[in-house]
Amino acid sequence: MNNKSKMEALALDMGQREQGKRRQVRVVEVDRPTADDLGPNDVLVQIDRAMFCLTDQEIAAQAGHGVPTEGVDHLDLGPVALIGHEAGGTIVAAGGEVAPGRVGQAVSLMVREGGDCVACRAGRADMCYRWTEAGEMAEHGIFRLPGWMCSHAVVPASGAVAIPE
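Please read all numbers here as calculations on a predicted model, not as lab measurements.

Participant: I'd like to hear about the overall build of the protein chain, residue by residue, with values.
Facilitator: A count of helices and strands for the protein chain gives 2 helices and 11 strands. Classification of the 165 residues of the protein chain by burial places 41% in the buried group. Considering only intrachain contacts with a sequence separation of at least 6, the fraction spanning at least 24 residues in the protein chain is 68%.

Participant: Give me the lowdown on the nonpolar core, citing residues and values where you can.
Facilitator: Core analysis: the biggest nonpolar cluster contains 13 residues, and Val-43, Val-45, Ile-47, Leu-109, Trp-148, Val-155 and Ala-160 have the highest contact counts within it. Examining the composition of this core, we find that 3 residues originate from one element, strand S3 (residues 42-51), more than from any other. Leaving out residues up to four positions away in the same chain, Leu-109 has contacts with Val-45, Ile-47, Ala-87, Trp-148, Val-155, Gly-159 and Ala-160.

Participant: Could you give an account of the sheet that holds strand S11 (residues 160-162), with specific residues and numbers?
Facilitator: Sheet architecture is open: 5 strands sit in the order S10-S3-S6-S7-S11, paired in antiparallel fashion. Of all the strands in the sheet, just strand S10 (152-156) and S11 have a single pairing partner and so form its edges. The mean angle between the axes of side-by-side strands here comes to 45 degrees, regardless of whether they run parallel or antiparallel. With 3 bridges connecting them, strand S6 (residues 86-94) and strand S7 (residues 106-109) associate as antiparallel partners. Note that in S7 the partner of Gly-89 across the bridge is Val-107.

Participant: Could you give me a rundown of the layout of surface pockets, with the residues and numbers involved?
Facilitator: Taken as a whole, the largest pocket encloses approximately 440 Å³ of empty space. Taken together, 26 residues make up the lining of the largest pocket; nearest its centre are Asp-31, Pro-33, Pro-146, Ala-153 and Val-154. Listed by contribution, the elements that provide at least two residues to the lining of the largest pocket are strand S1 (6-13), strand S2 (25-31), strand S9 (144-145) and S10. The leading source of residues in the lining of the largest pocket is S10, at 5 residues. Volume-wise, the second largest pocket comes out at about 200 Å³. Forming the boundary of the second largest pocket are 12 residues, of which Arg-112, Glu-113, Gly-123, Ala-125 and Ser-158 lie nearest the centre. Its residues placed into classes, the lining of the second largest pocket shows 4 nonpolar, 4 polar and 4 charged.

Participant: Let's hear about the environment of Ala-93: which residues, and what values?
Facilitator: By the secondary structure assignment, Ala-93 is in strand S6. When sequence neighbours within four positions are dropped, the list of residues in contact with Ala-93 reads Ala-35, Leu-38, Val-43, Leu-44 and Val-103.

Participant: How would you summarise the pattern of salt bridges if you had to cite specific residues and measurements?
Facilitator: Summed over the entire model, instances satisfying the criterion amount to 2 salt bridges. Residue Asp-37 pairs with Lys-4 through a salt bridge whose shortest N-O separation is 2.5 Å. Separated by 33 residues along the polypeptide, Asp-37 in the loop between S2 and S3 and Lys-4 in the segment before S1 bring together distant segments of the chain. The exposure class of Asp-37 is partly exposed, given its relative accessible area of 36%. Between Asp-31 and Lys-6 there is a salt bridge, with the nearest N and O atoms lying 2.7 Å from each other. Remark: Lys-6 occurs in strand S1 and Asp-31 occurs in strand S2; sequence separation between them is 25 residues. Judged by its relative accessible area of 30%, Asp-31 is partly exposed.

So, how was this worked out
Residues numbered from 1 in each chain as written. Predicted model: local features only at pLDDT ≥ 70, side-chain atom pairs only at ≥ 80, totals over all residues. Heavy atoms only, no water. Helix = DSSP H or I, 4+ residues; strand = E, 2+ residues; numbered from the N terminus. Buried < 20%, exposed > 50% of the residue type's maximum accessible area, 1.4 Å probe, protein only. Contact = heavy atoms within 4.5 Å. Core = buried A, V, L, I, M, F, W, Y, C linked by side-chain atoms within 4.5 Å. Pairing = 2+ DSSP bridges. Axes fitted to C-alpha atoms, helices over the stretch in contact; angles between N-to-C directions. 1 Å grid on protein atoms, 1.4 Å probe; cavity = no way out; pocket = protein on both sides within 12 Å on 5 of 7 lines; lining within 4 Å. Points joined across faces, edges and corners; volume = space filled by probe spheres on them. Nonpolar A, V, L, I, M, F, W, Y, C, P; charged D, E, K, R; others polar. Salt bridge = Lys/Arg side-chain N within 4 Å of Asp/Glu carboxyl O.

Here you go:
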């Protein structure tokens, strides 16, 4: 039995792919991540701001991209994509390998976590060129990873970029 608390998230219905119809945008309930979900190099971010951009609009209009969020199926909707890949927030908890001073830090979140291409190995997942369905790449809110139209998210600390005061 799942005893986790829930949070609302904005999702696109990816299971209903009828020709000529826009995907439905819905509010769904998903498990709210906690500090218990952190890996050693992860941070828990309270999302302060997220936006719905042109990419989200294109995915909703079935413009040929967008892949369901892994592990998220919703009742009669089938697979959904938890959207919102432009976001910022505040780090509220950190894994054991993350500097404790990062807790409380305002951050902007990186949409890509990277793969194994030259750019990714150099720490530049934002420039990854191996974005394929084979899994070398993933993007929050677009391809396999959950987006940030919700209250909290777990991300790698390297993907939470500090915003200078």
